[in-house]
Each structure stands twice: as C-alpha cells, then as structure tokens.
Amino acid sequence: MQRWQVTRYGLDGLERTRGTVPEPGPGQVLVKLRAASLNYRDLLIVGDGMGMPLGLPFTPGSDGCGEVVAAGAGVTRWRPGDVVINTFWSDWWDGARPAHSVPAGAPGPGVLATHAVLGEHDLVSAPRTWTAAQASLLPCAGLTAWTALVENGALRAGQTVLIQGTGGVALFGLQLAAMHGARAVVVTSSAAKRDRVLALGASHAVLRSEADWPARVRGWTEGRGVDHVLDTAGGDSFGASVELLAPGGRVAAIGMLAGTDLRLPFYPTIINRATVQGVGVGHRRSLEELVRAVEARPFEPVVDATFPFEQVPQALETVREGAFGKVVVTMS
Ligand SMILES: NC(=O)c1ccc[n+]([C@@H]2O[C@H](COP(=O)([O-])OP(=O)(O)OC[C@H]3O[C@@H](n4cnc5c(N)ncnc54)[C@H](OP(=O)(O)O)[C@@H]3O)[C@@H](O)[C@H]2O)c1
C-alpha cells in the first residue's frame with residue numbers, strides 16, 4: 001500500500017511512502033480507498049498541524065470513499081464489497097459529540113492513502129447515485145453545509161441564504177439551498193466566479209471588493225434581510241453577516257478565511273433576534289440523512305480539479321489558490 005505522510009510541516013514535508021497493507025482489528029474494517037477530497041483544513045494541518053500536538057509522521061486527509069475489503073472480528077455493519085464514506089469525527093453518532101471523538105486526518109487516521117483501517121461505526125454507505133469521487137465530497141464539506149442549513153437551520157422553501165465564497169462548503173450550501181427551494185446570494189472574489197455561481201443557480205452574486213455589497217444584498221431581499229448566512233470567512237465581514245439578517249435569522253460560524261476574530265454589532269443582533277451558531281462539521285446521523293437526500297434529489301456536486309494519487313502536493317496547491325468547489329484525489 002501507499003500513503004502520504006507529513007514528515008515535517010509544510011507542503012515540501014509531504015512524502016509518499018510504501019508499506020504493507022494493515023489488518024483490521026476487532027470492530028475495524030479495512031477500506032481500499034478510491035477517492036479522497038481535500039479541504040482547506042488539510043492545508044492548515046499540513047502547514048502547521050493547526051496548533052495540535054501531532055506526532056510526526058502522520059497521514060492527512062479527512063474525506064474518503066472506498067470499498068470495504070476486510071472486516072475484523074465482531075464487525076456487523078459492513079461486509080467486503082460495501083462502498084462507504086468515512087465520518088469526519090470518530091464515534092460521533094448523534095446528539096452531543098463525545099469528548100474522545102477526533103477528526104479523521106489528524107489526529108485520527110487519514111485517508112490520503114490507498115488503504116485505511118477505520119472503525120466500523122465511523123463509516124456510512126456512499127450514495128448509490130454518485131461516483132466515489134463525488135461521494136468523497138460529503139464527510140466534511142457537504143456535511144458542514146448540511147448541518148448549518150438543514151440540521152441546525154431547518155432551512156425551508158422561500159428562505160434566502162447568504163454564502164461567503166465559492167469553495168467546497170460554500171457551493172454545497174448553494175446546491176442544498178436549491179434542493180430545499182431556497183434562494184442563494186453569493187459573495188465572491190472575481191467576475192468569473194460570479195458568472196459561474198449565477199450559472200449554477202445563485203439568485204444573485206456580488207463581488208467582495210465592492211464596498212456596497214451588503215447594501216446590494218439587502219436591496220435584493222427588498223429590505224427584509226437574509227434568513228441564513230453560511231459564514232466561511234469570519235474576520236471583518238462577520239458583522240455584516242449579522243447586520244444582513246432578517247428578523248429571527250441565523251449565522252452559521254464556519255470558517256476563518258478572513259480572520260478568527262468575530263465581532264457582533266450589538267443593536268442588529270438584538271433587534272434581529274439573531275442566532276449565531278458555531279458549526280463543527282456534524283455527526284453520523286446527519287451524514288446518513290445527507291446521503292439519503294442526495295439520492296432522492298440528485299444534483300451534480302462541483303469538482304474544480306481531480307488529481308491522481310501521486311499528485312497530492314499539486315492538489316493542495318490548487319486548494320491554496322482558491323478552488324471553485326472541491327479538489328479531488330483519485331486512487332485507482
Ligand atoms: N467549522 C466547520 O465545521 C468547518 C468545516 C469545513 C470548513 N471549515 C472552514 O471553512 C472555511 C472554508 O472551507 P472550505 O474547505 O470550503 O474552503 P475552500 O474550499 O478552500 O474555499 C476556498 C474559497 O473560499 C473563498 N475565500 C477565500 N478567501 C476568502 C475570504 N477572505 N473571505 C471569504 N471567502 C474567501 C474563495 O472563494 P471566492 O474566491 O469565491 O471568494 C475560495 O475559492 C475554512 O476556513 C475552513 O477551515 C469549517
């Protein structure tokens with residue numbers, strides 16, 4: 001088998017190594033991976049471990065899809081031949097996340113490998129209607145947008161969703177909004193990306209560089225404001241997210257592409273009865289519901305670029321440059 005390992009922090013510290021295929025222990029399964037998708041988190045993990053005390057070397061990658069090839073003693077949920085995706089968090093099935101739960105791809109087992117041994121409870125059936133590459137988009141990016149809008153947000157038809165950026169979480173948000181009959185407004189960095197999100201079904205799109213973008217978004221809602229914000233940016237625009245809320249609206253605090261300091265404007269928070277809720281990807285029950293939803297209401301998830309397994313560093317460079325949707329690595 002082969003795996004990518006972080007031997008020292010930085011993209012040039014990634015090494016592709018060979019070893020023997022591991023045996024699954026009790027309660028574990030061996031998955032032969034077909035595809036993995038990359039997240040902004042992978043850049044941070046490879047860059048400096050995100051401040052976690054990780055032992056080097058380790059295998060990164062939190063979102064994979066593959067086939068079960070062997071099951072350890074006592075495994076009841078899976079058989080060889082099953083096509084599965086992993087959960088982002090270990091042992092988080094529903095409700096509150098257990099204290100011992102860890103993310104895949106540091107400190108949990110990473111999926112940027114040809115094979116991975118995973119706990120039988122940390123897997124979900126892949127959507128039957130999607131390829132392995134498409135299914136690999138769900139564990140982090142897809143589920144984060146689903147948790148924010150559907151699990152926590154109870155998104156419904158006729159509502160308006162404001163989305164920051166056109167990355168993996170953002171474009172899943174756009175497509176889940178369409179699935180639920182909601183309108184999406186996207187804030188992006190370039191005219192080319194603006195045109196692409198409009199073609200994908202966004203009701204409106206605006207450039208972040210245009211100082212009056214919040215006023216234009218409010219105008220599009222006829223002054224009412226938006227019901228949901230997928231805030232992948234944090235930093236200075238977070239206040240604008242709250243100011244743009246319709247009464248009773250909610251902001252999902254997801255990312256920190258623009259900064260980790262979040263400031264709330266007092267009066268709009270009070271007057272709009274704003275809800276600000278942090279999102280930490282989501283649990284297995286939500287991932288299972290997301291899989292059922294994409295089977296029932298098919299759509300084509302947005303993949304910006306696909307790289308062979310040998311080119312993981314190049315794939316991560318594409319994430320760093322600011323992908324439109326997702327970047328995928330295929331194993332076979
Ligand atoms: N809390 C959670 O559960 C969770 C889960 C997943 C991700 N995240 C976080 O959410 C963020 C997005 O993750 P991702 O994996 O979707 O990233 P990604 O796919 O790498 O997204 C990149 C896109 O973000 C946009 N962007 C870049 N700088 C921006 C800025 N200053 N303000 C707004 N948008 C900006 C760009 O789109 P445009 O060029 O169109 O602006 C870029 O194409 C990251 O901070 C990540 O760590 C959090």
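Computed from a predicted structure; not experimentally measured.

(A) How the structure looks around the UniProt feature "domain: Enoyl reductase (ER)" (unreviewed entry) in the protein chain. Within this numbering scheme, the UniProt entry marks residues 10-329 as carrying the feature "domain: Enoyl reductase (ER)" (unreviewed entry). Taken end to end, residues 10-329 has its terminal C-alpha atoms 19 Å apart, with 29% of it in helix and 25% in strand.

(B) Local environment of helix 3 (residues 138-151). Along its 14 residues, helix 3 runs just 15 Å from first to last C-alpha, ending more than 12% under the 20 Å computed at 1.5 Å per residue. Most of helix 3 is tucked away, with 13 of its 14 residues classed as buried.

(C) Representation of a nonpolar patch on the surface in the model. Judged by side-chain polarity, Tyr40, Met50, Met256 and Leu257 come together as a nonpolar surface patch covering roughly 360 Å² of accessible area. For Leu257, the position within the fold is in the loop between strand 12 (245-253) and helix 8 (266-271). Take Leu257: its relative accessible area is 52%, and that puts it in the exposed class.

(D) Region of interest: the side chain of His283. Mapped onto the fold, His283 is located in the loop between strand 13 (275-278) and helix 9 (284-296). Looking at His283, its side chain comes within polar contact range of the side chain of Asp94, at 3.5 Å. Residue contacts for His283: discarding those within four places in its chain leaves Trp92, Trp93, Asp94, Gly95, Leu143 and Glu151.

(E) The arrangement of the site of the ligand in detail. Around the ligand, a shell composed of 25 residues is seen, among which Thr166, Thr188, Ser189, Val279 and Val281 lie nearest. At a separation of 2.7 Å, an oxygen atom of the ligand approaches a polar backbone atom of Val281. For the ligand, whose free accessible area comes to 910 Å², the fraction covered by protein is 87%. Those elements giving two or more residues to the shell around the ligand turn out to be helix 3 and helix 4 (168-179). Of the residues that constitute the shell around the ligand, the class distribution is 12 nonpolar, 11 polar and two charged. Counting contributing residues, the shell around the ligand receives three or more from each of domain 1 (2-140 + 282-330) and domain 2 (153-278).

(F) Here's a closer look at the domain arrangement of the protein chain. The assigned domain composition of the protein chain is domain 1 (2-140 + 282-330) and domain 2 (153-278). At the junction of the two partners, domain 1 supplies 18 residues and domain 2 supplies 14 residues. Summing both partners gives a buried area of about 1,300 Å² for domain 1 against domain 2, and 75% of it is carried by carbon and sulfur. At the junction of domain 1 and domain 2, the tally comes to zero salt bridges. Of all the secondary-structure elements, those providing two or more residues to the side of domain 1 that touches domain 2 are helix 1 (40-48) and helix 9. Tallying contributions element by element places helix 9 first for the side of domain 1 that touches domain 2, with three residues. Here the side of domain 1 that touches domain 2 is composed, by residue class, of 13 nonpolar, two polar and three charged.

Thresholds applied
Residues numbered from 1 in each chain as written. Predicted model: local features only at pLDDT ≥ 70, side-chain atom pairs only at ≥ 80, totals over all residues. Heavy atoms only, no water. UniProt positions renumbered as here; feature names shortened; annotations may be inferred. Helix = DSSP H or I, 4+ residues; strand = E, 2+ residues; numbered from the N terminus. Expected span 1.5 Å × (residues − 1). Buried < 20%, exposed > 50% of the residue type's maximum accessible area, 1.4 Å probe, protein only. Patch = residues over 30% accessible without salt bridge, like charges linked within 9 Å, V, L, I, M, F, W, Y side chains within 5 Å. Areas by Shrake-Rupley, 256 points an atom, 1.4 Å probe, with all protein chains shown as cover. Salt bridge = Lys/Arg side-chain N within 4 Å of Asp/Glu carboxyl O. Polar contact = N/O pair within 3.5 Å; in protein donor to acceptor, adjacent residues only side chain to side chain. Contact = heavy atoms within 4.5 Å. Near = heavy atom within 4 Å. Nonpolar A, V, L, I, M, F, W, Y, C, P; charged D, E, K, R; others polar. Domains from an automatic or database assignment. Buried area = accessible area lost by both parts, 1.4 Å probe.

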